[in-house]
Amino acid sequence: MPRRKRNAGSSSDGTEDSDFSTDLEHTDSSESDGTSRRSARVTRSSARLSQSSQDSSPVRNLQSFGTEEPAYSTRRVTRSQQQPTPVTPKKYPLRQTRSSGSETEQVVDFSDRGHLTGKHERHFSISGCPLYHNLSADECKVRAQSRDKQIEERMLSHRQDDNNRHATRHQAPSERQLRYKEKVAELRKKRNSGLSKEQKEKYMEHRQTYGNTREPLLENLTSEYDLDLFRRAQARASEDLEKLRLQGQITEGSNMIKTIAFGRYELDTWYHSPYPEEYARLGRLYMCEFCLKYMKSQTILRRHMAKCVWKHPPGDEIYRKGSISVFEVDGKKNKIYCQNLCLLAKLFLDHKTLYYDVEPFLFYVMTEADSTGCHLIGYFSKEKNSFLNYNVSCILTMPQYMRQGYGKMLIDFSYLLSKVEEKVGSPERPLSDLGLISYRSYWKEVLLRYLHNFQGKEISIKEISQETAVNPVDIVSTLQALQMLKYWKGKHLVLKRQDLIDEWIAKEAKRSNSNKTMDPSCLKWTPPKGT
């Protein structure tokens, strides 16, 4: 099978302009009965929905842009650039998935007036919508005043308790706290044993009428005290989200992507990644698993996949054994791909700071091949010219491939390259939590394997480093963690703990049938010039 190689210019960028454009879709209607054109952004699916149900849908007919109207650009206009327009009810696109797997979009007519916390005049997300929570803006204000009053009373009582108490280490509950505890117990005893038939019918009617566009009715499901606690937690969470939104220009994390659709997987993200704001605020991204381009909807992804010619990462394939391949990608030649790879990695790494300046780095991407293409397992990057001999700058295993041995394969491959370069390597600090665990486990295996095969009486840290390409500092720290390094009579002794070696041999015997190891004979690579 011939080696796969892709030139720097062989990308599908020229055909992807439509995939990332933020087009404003408009529908043509016959005659308008006096309704003015709304400046609302709708998708194709919502436009088709409005055509099929013109009488019942909350989205009214939109006037077509004829020759009498001036041409409008499809470029997105920010809030500060828009002309002042009358306040119109806000439309919240809610996506529902049917049992058959097909997805439909509903546009729910929610007013943007009011806020669940009762402290703002309008909201910008469904978590702060009073109507979604079956409340009104006035009710939210009344609840906010009640909460503030309770907080003031609680703070006043706490100050009184502090003044009346002695500063002892183990403080007994005060009389007020004991009375409050008894009061809560009495309130929880009043919980209804079950719902009546009328209440069940009311709840079912509410669910059939609104579906997922409204919060279910929560009354009589639990005690009034617990329901009030839940309402307070809702308001506090909505207030925190509002603060994050207001601080979005100076604080990271206000727009966080919750999930990504990646190939046949749906992955929950762990950390914030600096994707463009128009994509980050969606909460869900759709990615091509081959070229790593990110899109806003399933429709755009489907259209992209129909014409995307990539089936493996760009660059040179330098390793192949079975279905596992490793590609060397130059950050200078394939800048867009490497930037997208770094943005994707930041969703699962806390300490990563490199996103766009990828030109000084080489990326080694590990994939698993099948009939549909080469699927991303993980990658690591390294500087082209590292003065501290770092052989890894950033390393990531995709969540769907974690705890399967691929992380150690990537680490082993990085040290295999260091051996070919005749250098001693070490990962760049700081390591993430999962990275530190993986590296310590790898260094432990390397040292135990070396000691198992070592037959001499005197051993040198320098010799181990030259043999394994592991930095002497990492070797010493691992020996200390294993309690195999002792200081006796002015000399450092390395203890050959046979119990640890036997335990490692037993684990290796169980994994003997596994092919999760790197074979140096399958590497076809020469160090790049200048490294």
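Definitions and cut-offs
Residues numbered from 1 in each chain as written. Predicted model: local features only at pLDDT ≥ 70, side-chain atom pairs only at ≥ 80, totals over all residues. Heavy atoms only, no water. UniProt positions renumbered as here; feature names shortened; annotations may be inferred. Axes fitted to C-alpha atoms, helices over the stretch in contact; angles between N-to-C directions. Helix = DSSP H or I, 4+ residues; strand = E, 2+ residues; numbered from the N terminus. Parallel < 35°, antiparallel > 145°, perpendicular 65-115°, else oblique. Left-handed = near helix turned anticlockwise from the far one by under 90°. Contact = heavy atoms within 4.5 Å. Nonpolar A, V, L, I, M, F, W, Y, C, P; charged D, E, K, R; others polar. Buried < 20%, exposed > 50% of the residue type's maximum accessible area, 1.4 Å probe, protein only. Pairing = 2+ DSSP bridges.

- The name given to the chain in an unreviewed UniProt entry is Histone acetyltransferase, with the source organism recorded as Bos taurus.
- Of the chain, the UniProt comment under Sequence similarities (unreviewed entry) reads exactly: "Belongs to the MYST (SAS/MOZ) family."

## Description of the packing of helix H10 (residues 433-453) against helix H11 (residues 461-468)
- At a minimum axis distance of 11 Å, the contact between H10 and H11 shows a crossing angle of 110 degrees. Between H10 and H11, the angle is such that the two are roughly perpendicular. Pair H10 / H11 crosses with right-handed handedness. Note on element contacts: H11 touches H10 through Glu463, Ile464, Glu467 and Thr468, opposite Val446, Leu447 and Tyr450.
- Class assignment of the residues belonging to the contact of H10 with H11 gives a composition of four nonpolar, one polar and two charged.

## Details of the UniProt feature "active site" (unreviewed entry) in the chain
- Under the UniProt annotation, the feature "active site" (unreviewed entry) is placed at Glu428.
- Structurally, Glu428 can be placed in the loop between strand E14 (426-427) and H10.
- Classification of Glu428 by relative accessible area gives partly exposed; the value is 28%.

## Some remarks on the sheet that holds strand E6 (residues 284-287)
- What the four strands build is an open sheet, ordered E5-E4-E6-E7; its pairing is mixed. Two strands bound the open sheet, and with one partner strand each, they are strand E5 (265-268) and strand E7 (294-295).
- In this sheet, E5 lies alongside strand E4 (residues 259-262) in antiparallel orientation, the contact comprising four bridges. Opposite Thr259, over in E5, you have Asp268 as the bridge partner.

## Observations regarding unusual backbone geometry
- In this structure, Pro430 follows Arg429 across a cis peptide bond, with omega equal to 0 degrees.
- Despite not being glycine, Glu422 has its phi angle at roughly 60 degrees, a positive value.
- Note on placement: Glu422 falls in the loop between helix H9 (406-421) and E14.
- At Lys489, a residue that is not glycine, the phi angle is positive and equals roughly 55 degrees.
- For Lys489, the position within the fold is in the loop between strand E15 (485-488) and strand E16 (491-494).
- Taking the relative accessible area as the measure of exposure, Lys489 reaches 68% and is therefore exposed.

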